[in-house]
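The residues making up each chain are set out below.
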Amino acid sequence: MPHAAEVRHDGAKGSAAAVWRFIVIAITAFVTLVDLFATQAILPELMHHYGVTPAAMGTAVNASTLGMAVAGLAVAYFSNAIDRRMGILLSLALLAIPTTLLAHAPDLLTFTVLRVVQGLCMAAAFTLTLAYLGEHYSAADSATAFAAYITGNVASNLVGRLLAAGVTDHFGLVSNFYFFAILNLLGAVLVFFTVEKTPHMKEMREARRSPFAAWLDHLKNPALRASFAIGFCILFAFIGTFTYVNFVLVEPPLSVGMMTLGFIYFVFLPSILTTPLAGRAVQRFGTRPTFWASLAVAGLGLPLLVLPNLSAVLIGMVLVGVGTFFAQACATGFVGRAATSDRGSASGLYLASYFFGGLIGSAVLGVIFDMYGWAACVAGIGVSLIVAALLAIFLKTPVQRQAA
């Protein structure tokens, strides 16, 4: 029987390894998605640079979600044939190319196309990483691993926006895109040294299956169908909030400056602290109660967003951020647990729906914002959260019905 001191030593080593694993996964998520959100912080600057409306610039910046939806479907289709480690590494290395070219985009169309290409690279890395986590970690560890990844996603929102605003304010738009291209390359280096090469996880019987057969299996699963639709609603609400609130912040009566606008995104700091708790919350309370509580928090923030007071708007942004990121962590982890086969395909379908929701949210809510104003835009965001809450009724799996 081992001595108590040996048990404590082994426990400490295990805890240290778990913390290190959490940090590495979070940083990988950060460098994967930082380009998606950072550009939103400089939307007003880009709008003036290209001389277009808020809706046009918002749609162009969020066109990356189109590329991400397409890449999600592509990875879902070819999931079994793609080496996880090499796919993630190449995606991040190639991401630096369109990021660099954005510094010299001559018009809005070119800018939009390059954002779509960025989305292709980001989603390929994102989807393959989620598949890797689902295949590489046990069911007990997967919830924490997914929470770590979503935490890095949250950090990319905060730090990425702050960096974009600061670099643009001090050095200009061109330097901003060069800076983020360097981050993309550093992400590829991180993956090279930290992501293990894993053997193919699927049996030959599954490998011979048509990818469409795997898609049909996933789509026949009511819980997965609901989670795909929930992903759509979550990014619809998130993109709608944190794209068009930028224009509200810089206009009277709030009149926030560019550098201050970057600092405002410290509203994501509470989300960095709360999102890692999603895995534990799901284990303790179940998927649906945790998800509904998350959406309730986000919903409480919506009325505050329309008040002509900066403090109220900031509190509203905090609540929407905390709620939507917690909900995303719940839904992402649920997909990994609910898929009975080919988790890479299931993750791809989820992310395709998720990013398609961001694209539609940006376009639809942008038109509402231009035509009817910010209050109507916030009402549309509220509708998407209500739909997500109703869909969560179906978030049950045979194993989890008692806890869900």
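Scroll up to find the structure.
Let me begin by describing the structure that accompanies this report. (Residues numbered from 1 in each chain as written. Predicted model: local features only at pLDDT ≥ 70, side-chain atom pairs only at ≥ 80, totals over all residues. Heavy atoms only, no water.)

Formed by 120 residues in total, the largest nonpolar core has its most connected members in F111, F291, M317 and F355. With 18 residues, helix 11 (residues 222-250) is the single largest residue contributor to this core. (Core = buried A, V, L, I, M, F, W, Y, C linked by side-chain atoms within 4.5 Å. Buried < 20%, exposed > 50% of the residue type's maximum accessible area, 1.4 Å probe, protein only. Helix = DSSP H or I, 4+ residues; strand = E, 2+ residues; numbered from the N terminus.)

By the burial criterion, the buried members of helix 14 (residues 278-285) are A278, G279, A281 and V282. The buried residues of helix 14 all sit within an arc of 165° when viewed along its axis, so they share a single face. Among the exposed residues of helix 14, those oriented more than 90 degrees off its buried face are R280, Q283 and R284. At the exit of helix 14 stands G286, carrying a positive phi of roughly 100°. (Arc of directions from axis to C-beta.)

Any aromatic ring pair is given by two values, namely how distant the centres are and how the planes are angled relative to each other. For the structure shown, the criterion picks out 20 aromatic pairs. Judged by centre distance (6.2 Å) and plane angle (25°), the rings of F232 and F236 are stacked. You can see F232 and its partner F236 sitting in helix 11, four residues apart, about one turn around the helix. Judged by relative accessible area, which is 24%, F232 ranks as partly exposed. (Phe/Tyr/Trp six-rings, centres within 6.5 Å; stacked < 30°, edge-to-face > 60°.)

Attention now moves to empty space enclosed by the protein. A complete count under the given rule lists two cavities of 30 Å³ or more for this structure. Taken together, V34, D35, A38, T39, L102, R115, Q118, N176, F177 and F180 make up the lining of the second largest cavity. Residue composition of the lining of the second largest cavity, by class: five nonpolar, three polar and two charged. (1 Å grid on protein atoms, 1.4 Å probe; cavity = no way out; pocket = protein on both sides within 12 Å on 5 of 7 lines; lining within 4 Å. Points joined across faces, edges and corners; volume = space filled by probe spheres on them. Nonpolar A, V, L, I, M, F, W, Y, C, P; charged D, E, K, R; others polar.)

Quick look at the packing of helix 14 against helix 15 (residues 287-305) now. At a minimum axis distance of 7 Å, the contact between helix 14 and helix 15 shows a crossing angle of 130°. For the element pair helix 14 / helix 15, the angle class is oblique. Residue-level inspection shows A281, V282 and F285 of helix 14 in contact with helix 15, the latter providing T287, P289 and T290. Classifying every residue of the contact of helix 14 with helix 15 by side-chain character gives four nonpolar, two polar and no charged. (Axes fitted to C-alpha atoms, helices over the stretch in contact; angles between N-to-C directions. Parallel < 35°, antiparallel > 145°, perpendicular 65-115°, else oblique. Contact = heavy atoms within 4.5 Å.)

What follows covers unusual backbone geometry. A cis amide bond, omega 10°, links P252 with the succeeding residue P253. Note on placement: P253 falls in the loop between helix 11 and helix 12 (258-264). Positive phi outside glycine occurs at S255, with the angle close to 50°. Turning to its location among the elements, S255 is positioned in the loop between helix 11 and helix 12. S255 sits in the partly exposed class, given a relative accessible area of 46%.

So, on to helix 16 (residues 310-338). Look at helix 16: 42 Å from first C-alpha to last across 29 residues, which is about the 42 Å you get at 1.5 Å a residue. With a side-chain oxygen lying 3.0 Å from the backbone nitrogen of S311, the N-terminal cap of helix 16 falls on N309. (Expected span 1.5 Å × (residues − 1). Polar contact = N/O pair within 3.5 Å; in protein donor to acceptor, adjacent residues only side chain to side chain.)

Examined against the element boundaries, V248 turns out to sit in helix 11. Overall, the relative accessible area of 19% leaves V248 in the buried class. Remark: the alpha-carbon pair of V248 and L305, spanning 57 residues in sequence, is separated by 9.5 Å.

Within the secondary structure layout, S353 lies in helix 17 (residues 343-372). When residues no more than four places from it in sequence are discounted, the contact partners of S353 are F228, A229 and F232.

Turning our eyes to something else, we now look at the packing of helix 11 against helix 16. Packing of helix 11 against helix 16 leaves a shortest axis separation of 10 Å and a crossing angle of 155°. On the basis of their axis angle, the class for helix 11 and helix 16 is roughly antiparallel. When the axes of helix 11 and helix 16 are compared, the crossing they make is left-handed. (Left-handed = near helix turned anticlockwise from the far one by under 90°.)

This part is about a nonpolar patch on the surface. Judged by side-chain polarity, L66, V70, L109, V113, V117 and L120 come together as a nonpolar surface patch covering roughly 480 Å² of accessible area. The set of elements that each furnish at least two residues to the nonpolar patch consists of helix 4 (64-78) and helix 6 (108-136). When residues in the nonpolar patch are grouped by element, the largest group, four residues, is from helix 6. Within the element layout of this structure, V113 appears in helix 6. (Patch = residues over 30% accessible without salt bridge, like charges linked within 9 Å, V, L, I, M, F, W, Y side chains within 5 Å. Areas by Shrake-Rupley, 256 points an atom, 1.4 Å probe, with all protein chains shown as cover. Salt bridge = Lys/Arg side-chain N within 4 Å of Asp/Glu carboxyl O.)

Looking now at the environment of G87. Secondary-structure assignment places G87 in helix 5 (residues 84-101). Judged by its relative accessible area of 14%, G87 falls in the buried class. Considered as a pair, G87 and A125 are 38 residues apart in the sequence and their alpha carbons are 6.8 Å apart.

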